[in-house]
Amino acid sequence: MFSNPTRTKLILLIAMGAFSLVLLTIGAYQLFNFTESNSFCGKLCHTVMAPEYTTYQASPHARVDCVTCHVGKGVSFFVKAKINGIPQIYYTLTGTYPRPITSPVANLRPARDTCEQCHQPQKFTGDLIRFYTTFDKDENNTKTTRVKALRVGGGGDSPQDIHWHIGATVWYLPMDATRQNIGWVGVESADGTLKEWIDPAQAAEITPDRIQKEKRLMDCIDCHNRATHIYYSPEQLIDKAMAEGSIDPSLPYVKLNAMNALDPINDSLKAAYTKVEKIADFYKITYPQIYTQKTAAIQQMVTKLKSIADLTTFPDMKVDYTTHPNNIGHQQSPGCFRCHGKLE
């Protein structure tokens, strides 16, 4: 039997141990939640990801947590993500990470496990009509609107049009790390037979052994490769702002002045801001009456152009709108024409 003082000490020791265990459990849980948070991914340990985090916040997926796409559900992919993150900690601490960060992500989880939890290809159907508005650099900022019909189709039991590519079993052979140069495509039928197309200019490099080892199953992100971290050009963002009215298109030469300030990309945000602020002086000197009448619109334009500079100016990481090609559409990169019109 323990004496009363000994018993009291033992009970106190057990209570303290239990309390410490509770605190440790709570701390571990809070640490886990923090490492899964957007601020952790974009700000703390991943400061090298500043361009990606900035564009993410202005993207269609800004309300979707980073881990939803980059990790997804399930313990196995959580463990893989944390293991893959260990070398990244070393690169960050030693400053040896690549500038810019390379893409695409080599071990990204298939879209069927992530994207398709929200986006269901079988629900898409028919055509989508899109309007593209641009402005010239003349005094009147002449407006042009182009209309395009996108044959989206669907990927259900009878896949067709654009979404046929993921409704069918399509294999492709990337000839480079960025997957922009495609040398071979094979479409596998239900009975296992394969219909093939090849780039005749690269035929000598494309062997059956290489196809077998390096071919990839076409995934949503092979086309939607910049679904979130989208690097628009200054001109695209300026045209969009003018079309929406956040930059007044009636201001003379506003498109020209905006482009001169932001394209080519500046060496720093400070330099971009300085050029933008000088646009107000242009109107004060050249168009004094307009400057007086539209002071608020000119100030709004300056504010908007600074926000565009924030989305396009990343000199430290050597990233601009040409760094990561966007495979959707045919305006800034080959996109669909990586295969179509090239392979025979």
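Residues numbered from 1 in each chain as written. Predicted model: local features only at pLDDT ≥ 70, side-chain atom pairs only at ≥ 80, totals over all residues. Heavy atoms only, no water.

What follows deals with helix 9 (residues 254-262). Counting buried residues along helix 9, seven of its nine residues qualify, which places the element largely inside the surrounding structure. Listed in full, the buried residues belonging to helix 9 are Val254, Lys255, Asn257, Ala258, Met259, Ala261 and Leu262. Buried residues along helix 9 sit in contact with strand 1 (127-135), helix 8 (234-244), helix 10 (269-286) and helix 12 (295-312). (Buried < 20%, exposed > 50% of the residue type's maximum accessible area, 1.4 Å probe, protein only. Helix = DSSP H or I, 4+ residues; strand = E, 2+ residues; numbered from the N terminus. Contact = heavy atoms within 4.5 Å.)

Membership of the largest hydrophobic core comes to 24 residues, with the highest contact counts inside it found for Leu262, Tyr283, Met301 and Leu305. Counting only elements with at least two residues in this core, the list comes to helix 8, helix 9, helix 10 and helix 12. Counting residues per element, this core draws most heavily on helix 12, which supplies six residues. Setting aside anything within four residues of it in sequence, one finds Leu305 in contact with Ile238, Ile247, Ala258, Leu262, Val276 and Ile279. Ranked by size, the runner-up nonpolar core spans nine residues in total, among them Ala168, Val170, Ile182 and Val185. (Core = buried A, V, L, I, M, F, W, Y, C linked by side-chain atoms within 4.5 Å.)

Take the side chain of Asp239 next. Within the secondary structure, Asp239 is located in helix 8. In this structure the side chain of Asp239 is engaged in a polar contact, spanning 3.2 Å, whose partner is the backbone nitrogen of Phe135. When residues no more than four places from it in sequence are discounted, the contact partners of Asp239 are Thr133, Thr134, Phe135 and Lys255. (Polar contact = N/O pair within 3.5 Å; in protein donor to acceptor, adjacent residues only side chain to side chain.)

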